[in-house]
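# Working through the structure, step by step
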Amino acid sequence: MGGCFSVSLPCDQVVSQFSQLLCVRGSYIHNLSKNLASLQKAMRMLKARQYDVIRRLETEEFTGRQQRLSQVQVWLTSVLIIQNQFDDLLRSNEVELQRLCLCGFCSKDLKLSYRYGKRVIMMLKEVESLSSQGFFDVVSEATPFADVDEIPFQPTIVGQEIMLEKAWNRLMEDGSGILGLYGMGGVGKTTLLTKINNKFSKIDDRFDVVIWVVVSRSSTVRKIQRDIAEKVGLGGMEWSEKNDNQIAVDIHNVLRRRKFVLLLDDIWEKVNLKAVGVPYPSKDNGCKVAFTTRSRDVCGRMGVDDPMEVSCLQPEESWDLFQMKVGKNTLGSHPDIPGLARKVARKCRGLPLALNVIGEAMACKRTVHEWCHAIDVLTSSAIDFSGMEDEILHVLKYSYDNLNGELMKSCFLYCSLFPEDYLIDKEGLVDYWISEGFINEKEGRERYINQGYEIIGTLVRACLLLEEERNKSNVKMHDVVREMALWISSDLGKQKEKCIVGAGVGLCEVPKVKDWNTVRKISLMNNEIEEIFDSHECAALTTLFLQKNDVVKISAEFFRCMPHLVVLDLSENQSLNELPEEISELASLRYFNLSYTCIHQLPVGLWTLKKLIHLNLEHMSSLGSILGISNLWNLRTLGLRDSRLLLDMSLVKELQLLEHLEVITLDISSSLVAEPLLCSQRLVECIKEVDFKYLKEESVRVLTLPTMGNLRKLGIKRCGMREIKIERTTSSSSRNKSPTTPCFSNLSRVFIAKCHGLKDLTWLLFAPNLTFLEVGFSKEVEDIISEEKAEEHSATIVPFRKLETLHLFELRGLKRIYAKALHFPCLKVIHVEKCEKLRKLPLDSKSGIAGEELVIYYGEREWIERVEWEDQATQLRFLPSSRWRWRET
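Residues numbered from 1 in each chain as written. Predicted model: local features only at pLDDT ≥ 70, side-chain atom pairs only at ≥ 80, totals over all residues. Heavy atoms only, no water.

The name given to the protein chain in an unreviewed UniProt entry is Leucine-rich repeat, with Arabidopsis suecica as the source organism. What the UniProt record of the protein chain gives under Sequence similarities (unreviewed entry) is the line "Belongs to the disease resistance NB-LRR family." (UniProt positions renumbered as here; feature names shortened; annotations may be inferred.)

### Observations concerning the pattern of salt bridges
On inspection of all chains with the given rule, the structure shows 42 salt bridges. Among the salt bridges present, the one from Asp 227 reaches Lys 223, with a minimum N-O distance of 2.9 Å. Of this pair, Asp 227 and Lys 223 both sit in helix α8 (residues 221–232), four residues apart, roughly one helical turn. Judged by its relative accessible area of 18%, Asp 227 falls in the buried class. For Lys 223, a relative accessible area of 22% corresponds to the partly exposed category. As a salt-bridge pair, Arg 445 and Glu 427 come within 3.2 Å of each other at their nearest N and O atoms. (Salt bridge = Lys/Arg side-chain N within 4 Å of Asp/Glu carboxyl O. Helix = DSSP H or I, 4+ residues; strand = E, 2+ residues; numbered from the N terminus. Buried < 20%, exposed > 50% of the residue type's maximum accessible area, 1.4 Å probe, protein only.)

### With respect to the environment of Val 298
As for its position among the elements, Val 298 is in helix α12 (residues 296–301). Taking the relative accessible area as the measure of exposure, Val 298 reaches 1% and is therefore buried. Discounting chain neighbours no more than four positions away, the residues touching Val 298 are Ile 267, Trp 268, Glu 269, Lys 270 and Thr 293. (Contact = heavy atoms within 4.5 Å.)

### Focus: the sheet that holds strand β10 (residues 424–425)
An order of β10-β12-β11 is seen for the three strands of this open sheet, with the pairing classed as antiparallel. Edge positions in the open sheet fall to β10 and β11 (466–467), since each of these has one partner strand only. Across two bridges, the pairing between β11 and strand β12 (residues 474–476) is antiparallel. Among the inter-strand pairings, Glu 467 is bridged to a residue of β12, identified as Val 475. (Pairing = 2+ DSSP bridges.)

### Focus on the layout of surface pockets
One number sums up the size of the second largest pocket: a volume of about 1100 Å³. Lining the second largest pocket are 34 residues, and of these Glu 309, Ser 311, Cys 312, Leu 466 and Lys 476 sit closest to its centre. Residue contributions to the lining of the second largest pocket peak at four residues, all from helix α13 (residues 315–326). Tallied by class, residues from the lining of the second largest pocket come to 14 nonpolar, six polar and 14 charged. Residue-level mapping places the lining of the second largest pocket at the junction of two domains, with at least three residues from each of domain 2 (160–309) and domain 3 (403–494). (1 Å grid on protein atoms, 1.4 Å probe; cavity = no way out; pocket = protein on both sides within 12 Å on 5 of 7 lines; lining within 4 Å. Points joined across faces, edges and corners; volume = space filled by probe spheres on them. Nonpolar A, V, L, I, M, F, W, Y, C, P; charged D, E, K, R; others polar. Domains from an automatic or database assignment.)

### Notes on the sheet that holds strand β7 (residues 260–267)
Hydrogen bonds along the backbone pair up the strands of a sheet, which may run parallel or antiparallel. Ordered in space as β6-β7-β8-β5-β9, the five strands form an open sheet in which the pairing is parallel. Strands with a single pairing partner mark the edges of an open sheet, and in this sheet they are β6 (209–214) and β9 (308–309). The sheet contact formed by β7 and strand β8 (residues 288–293) spans five bridges and is parallel. If you follow Ile 267 over to β8, its bridge partner there is Thr 293. Most of the contacts of helix α7 (residues 189–200) go to β7, to which it runs at about 165°, and overall it touches β5 (178–182), β6, β7 and β8. (Axes fitted to C-alpha atoms, helices over the stretch in contact; angles between N-to-C directions.)

### Focus on the environment of Gln 160
Relative to the assigned elements, Gln 160 resides in helix α6 (residues 158–172). Overall, the relative accessible area of 15% leaves Gln 160 in the buried class. On a C-alpha basis, the gap between Gln 160 and Leu 321 in space is 9.8 Å, while along the polypeptide they are 161 residues apart. Discounting residues that sit within four places of it in the chain, Gln 160 has contacts with Leu 313 and Pro 352.

### Comments concerning the side chain of Asp 783
Within the secondary structure, Asp 783 is located in the loop between β28 (772–776) and α26 (787–793). A distance of 2.7 Å separates polar atoms of two side chains, one belonging to Asp 783 and the other to Arg 816. Not counting residues up to four positions away in its chain, the partners in contact with Asp 783 are Lys 759, Asp 760, Leu 761, Leu 814 and Arg 816. (Polar contact = N/O pair within 3.5 Å; in protein donor to acceptor, adjacent residues only side chain to side chain.)

### So, empty space enclosed by the protein
Over the atoms rolls a probe the size of a water molecule, and its path tells where empty space is left. In the structure shown here, the tally under the stated rule is seven cavities of 30 Å³ or more. Taken together, Lys 347, Cys 348, Ala 354, Ile 358, Leu 378, Ala 382, Met 388, Glu 420, Asp 479, Val 480 and Glu 483 make up the lining of the largest cavity. Elements supplying a minimum of two residues to the lining of the largest cavity: α16 (352–362) and α22 (479–489). Broken down by element, the lining of the largest cavity gets its largest block of residues, three residues, from α22. Looking at the lining of the largest cavity residue by residue, the classes come out as seven nonpolar, no polar and four charged.

### Quick notes on the side chain of Lys 189
Mapping Lys 189 onto the fold places it in helix α7. No salt bridge is formed by the buried Lys 189; the nearest opposite charge belongs to Asp 266, separated by 6.4 Å. The contact partners of Lys 189, leaving out residues within four places of it in the chain, are Leu 181, Tyr 182, Gly 183, Met 184, Thr 292, Thr 293, Arg 294 and Val 310. (Lys, Arg positive; Asp, Glu negative; His and termini not counted.)

### Side note on the packing of aromatic side chains
Describing an aromatic ring pair means giving the distance of the ring centres and the angle of the ring planes. On inspection of all chains with the given rule, the structure shows 18 aromatic pairs. Between the aromatic rings of Phe 322 and Trp 371, the centroid separation amounts to 6.4 Å while the plane-to-plane angle is 80°, which identifies the pairing as edge-to-face. Note that Phe 322 is positioned in helix α13 and Trp 371 in helix α17 (residues 368–380), a separation of 49 residues in sequence. On the basis of an interplanar angle of 45° and a centroid distance of 6.0 Å, the ring pair of Tyr 400 and Phe 412 is categorised as tilted. Taken together, the positions of Tyr 400 in helix α18 (residues 388–401) and Phe 412 in helix α19 (residues 405–414) put the pair twelve residues apart, joining distant regions of the chain. Given the relative accessible area of 10%, Tyr 400 is considered buried. Taken together through their ring pairs, the aromatic side chains of Tyr 414, Phe 418, Tyr 422, Tyr 432, Phe 438, Phe 545 and Tyr 591 make up a single cluster. Of note, Arg 749 hangs over the ring of Phe 772, and the distance from its end group to the ring centre comes to 4.4 Å. Sitting over the face of the ring of Tyr 857, Arg 885 holds its NZ or CZ atom 3.8 Å from the ring centroid. (Phe/Tyr/Trp six-rings, centres within 6.5 Å; stacked < 30°, edge-to-face > 60°. Lys NZ or Arg CZ within 6 Å of the ring centre and 35° of its normal.)

### Focus: the packing of α13 against α16
Interaxial distance between α13 and α16 falls to 8 Å at its minimum, and their mutual angle equals 35°. Judged by the twist between their axes, the crossing of α13 over α16 is right-handed. When α13 is examined against α16, the residues Ser 318, Leu 321, Phe 322, Lys 325 and Val 326 are found in contact with a partner set consisting of Pro 352, Leu 355, Asn 356, Ile 358, Gly 359, Glu 360 and Met 362. (Left-handed = near helix turned anticlockwise from the far one by under 90°.)

### What about α8?
Over its twelve residues, α8 runs 17 Å from end to end, which matches the ideal 16 Å to within 8%, given 1.5 Å per residue. Within the span of α8, buried status applies to Ile 224, Gln 225, Asp 227, Ile 228, Ala 229, Lys 231 and Val 232. Gly 233 sits one or two positions beyond α8 and adopts a positive phi of about 90°. (Expected span 1.5 Å × (residues − 1).)

So, in structure tokens, the structure goes:
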């Protein structure tokens, strides 16, 4: 009999379990409508909880100092997933409800209704579970470091690291909100800003976000806004449809709650922070903005009045960078290469861009011949050097392209006619520009001189010209910038003979040219050319620089074929003693400079040049006469100072006939000429520089000077007058007879020597802009400014407010410079020598430029020991900066 297994279950229990199963599954169908309503309600609760969490996150994350917890982000992601599933489920609810029948207790398709009803129940449970998990005590945590995108950069050298520290310290000062970095193209501004950016990643959480924006010439407000928005998490379709003002509001609402750093690289014009939406950085909000530009003008427009100039590298720093680029293996491949490499590096003049490009080009050159060839090319035609045009000149040309108008561009290109490192006199440069027609001379000299200086200032601020630190009257061009200017002048290298520039390169003859008719400008100054014989058809030539050569003779044929020549400079050819009559062929000539030549007689043909406006005959030691000059009726500027020429009454009469004359420099050595000339108001107004020489006491006991508003430089030498007075120009209401206004408002330099009859120079009270004063070898001078006479003139005038340099030599009777201590707010140097009776200087502890050294040079150690200082504070202030210096006389 087989085994038997039996199970006994109560009938009621089986029925109960089966009925429960049918009830649950049946509820998927007959409770579908109710379950959907419950799901929708639960979903609304979940969305409300999601909204509350997101709002908390936006508030806490808005400052940038908090970031959301991972568990919160996971919950938000789960909610987003269930929302998508719910939306999908809800799209078919109408169809499922219509499928039900028998009052919802049955379905036309039980299987489909069952599955849908089950999905609703399962989703309801999941929604309720997510909703219960959405209670968070904390939703975010502190962000450990600022959000900084590090930017790769090349290794730098010591000089650049020092510049970085200086810029970093300036930016991080508490009172500093905006840092402007300016400098010429290729000098390393972007590299410096990149290092500043990367340095923020290494500091603590002082800033919430660091934003880097490359602006460039073509940037718009919208482009800058987009770059900032991407960094701070703004964006999306809705945001991109907004206008600039709406975007600015969004950016401002984000950044005003964050401590940010904004770095703007390569800006060419003012970036309006308000228009972009960037809160203005201040001490209160602690935010920072730094930018780079090629123009100091842009710094000013950005509100930075003390920007930091990024300068070229010093020679040893340049050599370090060049070595880095060339490499040790190449430099060590031959013992002569390091010396040659230094010469190549010097050609770059400290410009990092040039050092990098040329260094990389030379990295594979391992023979002496290759290095010698490189030096030759860089000296004679740098544009032909590998990489020079594409990688250097094109980069620098952006600065030229950004100049405003053709006038500014023409003035800039003109500066390339001068030799490398040549100091260009500003006023002389403006005279060239006027003669070339760049500036209209008919608007009055003061106005067009101011315009010329404005152009120079713009070029300096654009870092296309360099201004001398000590001598502000000169500018010069960086060698690489000059190469760029010459390249542009030759139509980007396509017409190399359009502008022939061989200045300062040791030429002994005029170079050969294929087509002289294409030549517009020639500069052969600072060479060793002795004779000029050739005659060429130069139909387009307007400018010819031949100054500072050894020219002895110029052939009669040379000037025949230059019908449009406007500027001719033959100055400082000290062996040149005659000119051909054919000079008269230069009918278009407007500028002619013969200074420092030995020409003894000017050709008659010169007086036929009716367009001539500038004639310089200064320092012509052999010149005998210029009678006939009145024929140059258009002349505006005439230089006669320090020439052998005798100024007599006949010449004075001719000068008076020059109706357009505005500027004259001259010597007065005759009392017969002095009085009538100084009585000619029109000529007096033209005098820019004058030297009084050899006026004897018996002829001029008192020299009375009229008001000379245009006088810049005055010399009085070997004269016997006892006193210098000012012409009485008084107002009708004035009771005294002192001058009512400064008589010499533009006088800046005064030289007085060997005038043994003078007792004082009190008239200097009326030269308020005097910067340089030298008085020497005048034994009777007791006071520079007499206190008694000063009170007679005006008790309110304070002398020497602009004085920078004071030289006093061999004044045996000098007792006082001034009776009281003066502020001397601009004074830098006092030099006293052989002035035994001068015991006290008009100084107190507050004199001089605040924070700067005022140097006192003295010729005798005994003198400095006997000086009576105002008080101990004055002695402590100036004695340490007193230095012995003997001046050879």
